[in-house]
Amino acid sequence: MPNLFELLEPPAQQVVVPSMLLQMSSPMLPPTSIIPETTKPSDINLPHKEWRVHQRETTNWILSQSGITILQAPTGSGKTGIVSAIATQKTVTALCRTKNLQETNYGATYNFDVMFGKGNYACSHPKYYGNMADECAFKEEGMDKCPFAGQCEYLIAKAIAMYSGKRSLNYAYWLSAGWPRQLVSSVLVLDEAHQLPDITLEWAGLEVSEKTRDEFNLETFPTLSTRSTSLFNRINPVDGVIEWLQSSVQHLNAYLLTVANSASDEDKKRARWCENIMRKFTATVEALQVNPNDWYIEAGIAIKDIDGSYTPQLLCKPLSAKYHFRHYFDTTEIVLPMSATIGDPGA
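Residues numbered from 1 in each chain as written. Predicted model: local features only at pLDDT ≥ 70, side-chain atom pairs only at ≥ 80, totals over all residues. Heavy atoms only, no water.

1. Concerning the overall build of the protein chain
Secondary structure summary: the protein chain contains 11 helices and 11 strands in total. By the burial criterion, 48% of the 347 residues in the protein chain qualify as buried. Residue pairs at least 24 apart in sequence account for 72% of intrachain contacts in the protein chain once pairs closer than 6 positions are excluded. Summed over all atoms, the accessible surface of the protein chain reaches about 17200 Å², with 50% contributed by carbon and sulfur. (Helix = DSSP H or I, 4+ residues; strand = E, 2+ residues; numbered from the N terminus. Buried < 20%, exposed > 50% of the residue type's maximum accessible area, 1.4 Å probe, protein only. Contact = heavy atoms within 4.5 Å. Areas by Shrake-Rupley, 256 points an atom, 1.4 Å probe, with all protein chains shown as cover.)

2. A closer look at the nonpolar core
Ranked by internal contacts, the top residues of the largest apolar core, which has 66 residues, are Met115, Leu190, Phe281 and Phe329. Ranked by residues supplied to this core, first place goes to helix H9 (residues 237-259) with 10 residues. (Core = buried A, V, L, I, M, F, W, Y, C linked by side-chain atoms within 4.5 Å.)

3. Digging into the packing of helix H10 (residues 265-290) against helix H11 (residues 322-329)
It is at 10 Å that the axes of H10 and H11 come closest, and there the two elements cross at 115 degrees. When the interaxial angle is binned, H10 and H11 end up roughly perpendicular. H10 and H11 meet at a crossing whose hand is right-handed. Between H10, through Ala283, Glu286, Ala287 and Val290, and H11, the contact on the second element is made entirely by His324, His327 and Tyr328. Residues that form the contact of H10 with H11 fall into these classes: four nonpolar, two polar and one charged. (Axes fitted to C-alpha atoms, helices over the stretch in contact; angles between N-to-C directions. Parallel < 35°, antiparallel > 145°, perpendicular 65-115°, else oblique. Left-handed = near helix turned anticlockwise from the far one by under 90°. Nonpolar A, V, L, I, M, F, W, Y, C, P; charged D, E, K, R; others polar.)

4. Here's the deal with the environment of glutamine 289
Within the secondary structure layout, glutamine 289 lies in helix H10. Counting along the chain gives 51 residues from glutamine 289 to valine 238, while the straight-line C-alpha distance between them is 8.8 Å.

5. Digging into the pairing of strand S11 (residues 334-339)
With six of six residues buried, S11 is to be regarded as a mostly interior element. Residues Ile334, Leu336 and Met338 point to one face of S11 and Val335, Pro337 and Ser339 to the other, with burial holding for every one of them. When strand S2 (residues 67-72) meets S11, the two strands line up parallel, connected through four bridges. For glycine 67, the partnering residue across the bridge sits in S11 and is isoleucine 334. (Pairing = 2+ DSSP bridges.)

6. Considerations on the packing of aromatic side chains
Tallying each qualifying case throughout the model produces 11 aromatic pairs. Judged by centre distance (5.6 Å) and plane angle (75 degrees), the rings of phenylalanine 216 and tyrosine 255 are edge-to-face. Of this pair, phenylalanine 216 sits in the loop between helix H8 (210-215) and strand S8 (224-225) while tyrosine 255 sits in helix H9; the two residues are 39 residues apart in sequence, bridging distant segments of the chain. For the pair shown, phenylalanine 216 and tyrosine 255 are each scored as buried. (Phe/Tyr/Trp six-rings, centres within 6.5 Å; stacked < 30°, edge-to-face > 60°.)

7. Structural notes on the pattern of salt bridges
In the structure shown here, the tally under the stated rule is 10 salt bridges. Residues arginine 97 and glutamate 202 are paired through a salt bridge, measuring 2.9 Å at the closest nitrogen-oxygen approach. Pair noted here: arginine 97 is in the loop between strand S3 (92-96) and helix H4 (99-109) and glutamate 202 is in helix H7 (residues 196-204), with a separation of 105 residues, a long-range link. Of the residues examined, arginine 97 reaches a relative accessible area of 32% and is grouped as partly exposed. (Salt bridge = Lys/Arg side-chain N within 4 Å of Asp/Glu carboxyl O.)

8. Observations regarding H4
Each full turn of the α-helix corresponds to 3.6 residues, which orients residues three or four apart in the same direction. Within H4, the full set of buried residues consists of Leu101, Gln102, Tyr106 and Gly107. Buried positions in H4, seen along its axis, are confined to an arc of 145 degrees and lie on one side of it. Those residues of H4 that are exposed and angled more than 90 degrees off the buried face are Asn100 and Ala108. For H4, the elements touching its buried residues are helix H3 (79-86), S3, strand S4 (113-114), strand S5 (166-170), strand S6 (187-190) and S11. Immediately downstream of H4, the backbone of asparagine 111 shows phi near 60 degrees, a positive value. (Arc of directions from axis to C-beta.)

9. Quick word on the packing of H9 against H10
It is the contact of H9 with H10, at a shortest axis distance of 9 Å, that shows an interaxial angle of 155 degrees. Compared by their axis directions, H9 and H10 come out roughly antiparallel. The two elements H9 and H10 cross, and the hand of that crossing is left-handed. Split by residue class, the contact of H9 with H10 holds 17 nonpolar, six polar and three charged.

10. Considering unusual backbone geometry
In terms of backbone geometry, most residues other than glycine have negative phi values and most peptide bonds are trans. The backbone of asparagine 45 sits at a positive phi, close to 65 degrees, despite the residue not being glycine. For asparagine 45, the position within the fold is in the loop between helix H1 (19-22) and helix H2 (55-63). Assessed through its relative accessible area of 71%, asparagine 45 is described here as exposed. A positive phi angle is found at asparagine 111, which is not glycine, with a value near 60 degrees.

11. Quick notes on the side chain of threonine 212
Mapped onto the fold, threonine 212 is located in helix H8. Beyond its immediate chain neighbours, meaning those up to four positions away, threonine 212 contacts Trp273 and Ile277.

12. Notes on the confidence of the model for the protein chain
Here the protein chain averages 86 in pLDDT, while 86% of its residues score no lower than 70. Between residues 13-32, whose pLDDT stays under 50, and residues either more than four places distant or in other chains, the model counts 46 contacts. (pLDDT = per-residue confidence, 0-100.)

13. Some remarks on the environment of cysteine 146
Checked against the element boundaries, cysteine 146 lands in the loop between S4 and helix H5 (153-162). Taking the C-alpha atoms as reference points, cysteine 146 and cysteine 136, 10 residues apart in sequence, are found 8.7 Å from one another. Ignoring sequence-local partners within four residues, the contact set of cysteine 146 consists of His125 and Phe138.

See below:
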């Protein structure tokens, strides 16, 4: 798995490995405390009577930084408590990959406003009882047009999170929704940061099977390869993939219009699948346009399947996450990747 430090070119302005690991001595700490030494955690509404070793000092050190500042500390050392203390001084958005971490660490323990994707909230419209918010019958015209929008769990959670001073979202929502990167907090916490290279690569790249292409009657895959210097050299592979993906998004959008008002459960299921594909295609087009270099592309070339058969497919994967990380996450005053197992900066 790629090392997190490979993402940071140019390197992070500051790398903070807290004193819990290095036994940092007091002279290395900021000369002026933002949270005074006499302050107890309970004084700033944290659910602890006492600070853990150098927890307050590490909080102040991070608050004195700008840009990307990396926090590595063992499990149980109080990283989420540090984030909560930071949130008493600056607005914070904390991103997690796992729902349990959001609910338990940020929501239940530190009272962050937690928000999930639409599929986690039940529809409030009596006619659509049993549906989830991602199946909203009003999504084309706007979920707020629903006569029961005032009771919609998703819209309520979204409204709270949008204007919250300390909120927790998952990575998928941060990357796919528009508003979190527009209503930015002062501090963006990237929890479970050891997974950031994989998260970045998965979001930027894609794999399209022949089955998916055929299911939605998309155009035949173009024949493209970044490995070839002659045989598939008639068109730049990046340009060819962008053209195919954009054409496919138009086709999928037209299909969505045909099933927008369908009451069929099967049509609804296919519509959600279609929306997810469109979102993925659009994300990869954006990544290709932001940085068209260093991609692995194979399209229209028969690949051996698990069952031994050969079918065409489209593979479009960035070779490195470092060209995309900053575009997705370097959006605010302080960016704080944190984990117990980030890696060796000298590796």
